[in-house]
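# Structural description and commentary
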Amino acid sequence: MIEIVQSGPLNTVQDLGRPGYRAIGVSASGAMDPLSVRLGNALLGNEQGAAAIELQTYPFIVRFSVATDLVVTGADGVRLLNDRALMAWCIHRAAAGDVLEIRQPRQGSRVYIAVANGVDVPVVMGSRSTTLRGGFGGHCGRPLAAGDRLSVVPAAKEVARRSIAVVEPAAGLSAVFPAITNDILPVRAIPAGEHDLFGSDADRFWRQHWRISSQSDRTGYRLSGEPIRPEVPMEMRSHGVVPGVVQVPPAGEPIVQMSDANTAGGYPKIAGVIEGDLWRLGQARIGSKIQFVRSTHTEARAVEQAVDRYVEDVSRTAELVRRALGVIA
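Treat the numbers as computed from the prediction; the structure is a model and nothing was measured. All chains use their own residue numbering, which begins from 1 and follows the written sequence. At least 70 in pLDDT is required for a residue's local features to be given in this predicted model, at least 80 for side-chain atom pairs to be given and counted, and no such filter applies to totals for whole chains, interfaces and linings, which use all residues. Working from all heavy atoms in the structure, the side-chain values ignore hydrogens and water.

Assignment of secondary structure puts R280 in helix α4 (residues 278-282). Throughout this description, buried means an accessible area under 20% of the type-specific maximum (1.4 Å probe, protein chains only), exposed means over 50%, and partly exposed covers the range between. Here Asp and Glu are counted as negative and Lys and Arg as positive; His is not counted, and neither are the chain ends. For this document, the term salt bridge refers to a Lys or Arg side-chain nitrogen within 4 Å of an Asp or Glu carboxyl oxygen. Buried within the structure, R280 lacks any salt-bridge partner; D277 is the closest side chain of opposite charge, at an N-O distance of 5.1 Å. The numbering of helices and of strands both runs from the N terminus, where a helix is a DSSP run of H or I of at least 4 residues and a strand a run of E of at least 2.

Structure below.
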């Protein structure tokens with residue numbers, strides 16, 4: 001059992017989401033940085049989609065009532081277990097009564113706590129993810145609060161007590177993801193259906209630096225910058241949208257749909273962020289700057305394959321270590 005001692009707003013239980021229900025108006029939800037969840041679970045020997053705790057407000061403090069193997073991933077910040085520094089991207093064992101504290105990250109925005117066998121909350125429509133707007137999933141369909149108690153999925157196997165660690169993806173996949181230069185995050189995207197209707201403004205969409213405004217959340221990031229507009233005013237019927245779609249409302253400042261993306265919308269679509277870059281966008285802070293980089297379907301697929309290989313390598317290596325230690329047969 002995990003007891004929440006202190007939590008800010010909007011900290012929730014998330015997994016990799018609930019695809020397949022957009023047709024009836026249910027967003028997929030899921031982690032804003034799914035790669036951090038996948039890697040934490042890979043280290044622990046969990047299914048990649050096991051539920052974890054997603055943090056975006058701090059400090060966050062929990063107490064473990066039973067011995068629990070855990071991994072902290074995501075944003076780089078201060079992590080303390082019983083007031084002692086805790087290495088990220090590494091398996092640790094918390095004993096009964098131990099207290100874990102996560103403070104404001106120095107870089108990035110979201111921290112994830114994965115535990116052996118996953119956080120045990122009810123499965124709703126195939127997922128344990130919290131959908132805040134719908135008020136379901138996760139822990140009672142709401143953010144975590146002091147006094148909440150989370151169950152851990154009953155252990156079917158024990159994880160090695162000896163630490164197993166992984167290089168964080170920013171370093172381990174540095175050849176796959178463009179470097180951040182001058183504090184500007186490059187985000188690769190593919191031109192979408194109405195891209196060419198923006199004329200010369202389409203070129204400015206790619207050239208300029210956009211700032212993530214304070215009007216941003218898990219549903220979408222509203223970007224601040226010099227407005228862009230179609231050459232001719234247009235009205236569109238509502239159409240399906242997914243995470244990564246970049247829409248442009250009449251005011252001309254783009255909105256990037258994120259994990260809790262709307263299921264439909266009528267604003268013109270200028271681009272779609274490639275799926276492999278969404279985890280980086282999910283870690284971007286309010287007020288930070290991004291620049292869209294024109295990509296292709298071929299590149300998008302190559303990035304996905306590289307990420308999948310990396311996660312699989314971590315999972316396979318962690319399993320080999322556990323076998324060598326005699327933890328699993």
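There is more to say after this.
Here we take up the packing of aromatic side chains. Note on aromatic pairs: the rings of Phe, Tyr and Trp (six-membered ring only in Trp) are paired at centre separations within 6.5 Å, and the planes decide the class, stacked below 30 degrees, edge-to-face beyond 60, tilted for the rest. A complete count under the given rule lists 4 aromatic pairs for this structure. Judged by centre distance (5.0 Å) and plane angle (80°), the rings of F205 and W206 are edge-to-face. Note on F205: relative accessible area 0%, which makes it buried. When the ring of F205 is compared with that of W210, the centres are 6.4 Å apart and the planes differ by 45°; the resulting orientation is tilted. On the accessibility criterion, W210 (0% relative accessible area) is buried. Through a chain of ring-to-ring contacts, three or more aromatic side chains come together here, namely F205, W206, W210 and F292.

The sheet contact formed by strand β14 (residues 210-212) and strand β15 (residues 220-224) spans 2 bridges and is antiparallel. Residue pairing across strands places R211 opposite S224, the latter belonging to β15. With 3 bridges joining them, β15 and strand β18 (residues 255-257) adopt antiparallel strand pairing. Bridged to R222 within β18 is I255. Two strands make a pair as long as DSSP finds a minimum of two bridges between them.

With that settled, the discussion passes to the pattern of salt bridges. Applying the stated criterion across every chain, the model contains 20 salt bridges. Ionic pairing is found between R218 and E54, a salt bridge with its closest N-O pair at 2.8 Å. Taken together, the positions of R218 in the loop between β14 and β15 and E54 in strand β3 (residues 52-55) put the pair 164 residues apart, joining distant regions of the chain. The same class applies to R218 as to E54, namely buried. Two residues, R79 and D76, come together in a salt bridge whose shortest N-O distance is 3.8 Å. Residue R79 is classed as buried on the basis of its relative accessible area, which comes to 12%. Judged by relative accessible area, which is 31%, D76 ranks as partly exposed. Connected via shared salt-bridge partners are E3, R63 and R149.

Nonpolar cores are built from buried Ala, Val, Leu, Ile, Met, Phe, Trp, Tyr and Cys residues. Side-chain atoms within 4.5 Å join them into one set. Within the largest apolar cluster, 28 residues are counted, with the highest numbers of intra-cluster contacts made by F205, V256, I290 and F292. Looking at this core, the elements with two or more residues in it are β13 (184-191), α3 (200-207), β14, β15, β20 (269-273), α4 and β21 (289-294). Both of domain 1 (2-166) and domain 2 (184-295) provide at least three residues apiece to this core. Residues count as neighbours in contact if any of their non-hydrogen atoms are within 4.5 Å of one another. Those residues in contact with F292, other than ones at most four positions away along the chain, are V187, A189, F205, W206, W210, L223, V246, V256 and V273. Domains are outlined according to an automatic or database domain assignment.

Right, let's talk about the environment of D217 for a bit. Within the fold, D217 resides in the loop between β14 and β15. Not counting residues within four places of it along the chain, the set of residues in contact with D217 comprises M32 and M258.

With that out of the way, let us pick up helix α5 (residues 297-324). Two residues of an α-helix separated by three or four positions point the same way, owing to the 3.6 residues in each turn. One fewer than the residue count of a helix, multiplied by 1.5 Å, yields its expected span. Spanning 28 residues, α5 covers 41 Å between terminal C-alpha atoms, matching the ideal 40 Å at 1.5 Å per step. For α5, every residue scored as buried is listed here: A300, V303, A306, V307, Y310, V311, V314, A318 and R322. Where the residues of α5 are buried, they touch α1 (34-44), α2 (169-172) and β13.

Our focus in this paragraph is the domain arrangement of the protein. The domain boundaries assigned to the protein delineate domain 1 (2-166) and domain 2 (184-295). Computed over C-alpha atoms, the centres of domain 1 and domain 2 are 29 Å apart. Listed as interface residues are 27 residues of domain 1 and, on the opposing side, 19 residues of domain 2. Defined here as a combined quantity, buried area equals the accessible surface (1.4 Å probe) lost by two parts on assembly, summed across both. Taken together, both faces of the contact between domain 1 and domain 2 bury some 1,600 Å²; the carbon and sulfur share is 42%. Taken together, the connections running from domain 1 to domain 2 amount to 1 salt bridge. Whenever two N or O atoms come within 3.5 Å, that pair is a polar contact, provided that in protein one can donate a hydrogen and the other can accept it, and provided that, for residues adjacent in sequence, both atoms are side-chain atoms. Where domain 1 meets domain 2, there are 18 residue pairs in polar contact (both at pLDDT 80 or more). Elements supplying a minimum of two residues to the side of domain 1 that touches domain 2: α1, β5 (68-76) and β10 (107-115). Take the side of domain 1 that touches domain 2: its biggest share by element is 5 residues, from β10. Polar here means any residue other than Ala, Val, Leu, Ile, Met, Phe, Trp, Tyr, Cys and Pro, which are nonpolar, and Asp, Glu, Lys and Arg, which are charged; Gly is therefore polar. Its residues assigned to classes, the side of domain 1 that touches domain 2 comprises 9 nonpolar, 12 polar and 6 charged.

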